[in-house]
Amino acid sequence: QVHLVESGGGLVQPGGSLRLSCVASGTIFSINSMAWYRQAPGKQRELVAGIHSSSNTNYADSVKGRFTISRDNAKNTVWLQMNSLKPEDTAVYYCNVVGRAVLDAIPGTYWGQGTQVTVSS
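Residues numbered from 1 in each chain as written. Predicted model: local features only at pLDDT ≥ 70, side-chain atom pairs only at ≥ 80, totals over all residues. Heavy atoms only, no water.

Novice: Could you give an account of the overall build of the protein, naming the residues involved and the relevant values?
Specialist: From N to C terminus, the protein includes zero helices and eleven strands. Taken along its principal axes, the extent of the C-alpha atoms in the protein is 45 × 25 × 25 Å. By residue count, 41% of the 121 residues in the protein fall in the buried class. Accessible surface, the protein as shown: approximately 6300 Å² in total, 50% of it carbon and sulfur. The protein carries 10 positive and 7 negative side-chain charges, and their two centres are separated by 3 Å. (Helix = DSSP H or I, 4+ residues; strand = E, 2+ residues; numbered from the N terminus. Buried < 20%, exposed > 50% of the residue type's maximum accessible area, 1.4 Å probe, protein only. Areas by Shrake-Rupley, 256 points an atom, 1.4 Å probe, with all protein chains shown as cover. Lys, Arg positive; Asp, Glu negative; His and termini not counted. Charge placed at Lys NZ, Arg CZ, Asp CG, Glu CD.)

Here is the structure:
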């Protein structure tokens, strides 16, 4: 199994910054990709940013130039640096990992419990 633990959410004023962290643990054989999703009240969960094992990244248009995703493959950790935050960035942010546990024949998709980010004055 793969377990994800997120941290770093909180309340921040518009224009401020936050850094989210997600650590994957368990009997991990390999990780293909790591990503951050978010879900605001009444809205569908959406992809914010993703990073492949090759370090290729992709971002939602709404966060390009403001958010940066990075990862440490050795530590099975992914970060999301969020700058110039806006009220519309308010949501629960979820860590997502596509990877394979030691006893699994094929990769699976794993989710963290979510961390609240609130941007408000």
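Novice: Quick one: what's the story with the sheet that holds strand β7 (residues 67–72), residue by residue and with numbers?
Specialist: Strands sit in the order β1-β3-β8-β7 across an open sheet of four strands; the sheet is antiparallel. Where the open sheet ends on each side, the last strands, each with one partner, are β1 (2–7) and β7. Each strand of the sheet is rotated relative to its neighbour by a mean of 15 degrees, with strand direction disregarded. Sheet analysis places β7 next to strand β8 (residues 77–82), joined by six bridges and oriented antiparallel. Directly across from Asp72, in β8, lies its bridge partner Thr77. (Pairing = 2+ DSSP bridges. Axes fitted to C-alpha atoms, helices over the stretch in contact; angles between N-to-C directions.)

Novice: Tell me what's going on with the environment of Gly114, and back it up with residues and numbers.
Specialist: Relative to the helices and strands, Gly114 resides in the loop between β10 (108–111) and β11 (115–119). The spacing of Gly114 and Gly9 is 105 residues in sequence and 9.0 Å in space, taken between C-alpha atoms. The residues touching Gly114, leaving out its near neighbours within four places in the chain, are Glu6, Val92, Tyr93 and Tyr94. (Contact = heavy atoms within 4.5 Å.)

Novice: Quick rundown of the state of the cysteines? Include the residues and the values.
Specialist: Counted according to the given criterion, the structure contains one disulfide. A sulfur-sulfur separation of 2.1 Å characterises the disulfide bridge that pairs Cys22 with Cys95. Disulfide Cys22-Cys95: the torsion about the S-S bond is -80 degrees, which places it as left-handed. Of this pair, Cys22 sits in strand β3 (residues 18–26) while Cys95 is found in strand β9 (residues 91–101), placing the two residues 73 residues apart along the sequence. The same class applies to Cys22 and to Cys95, which are both buried. (Disulfide = S-S within 2.5 Å.)

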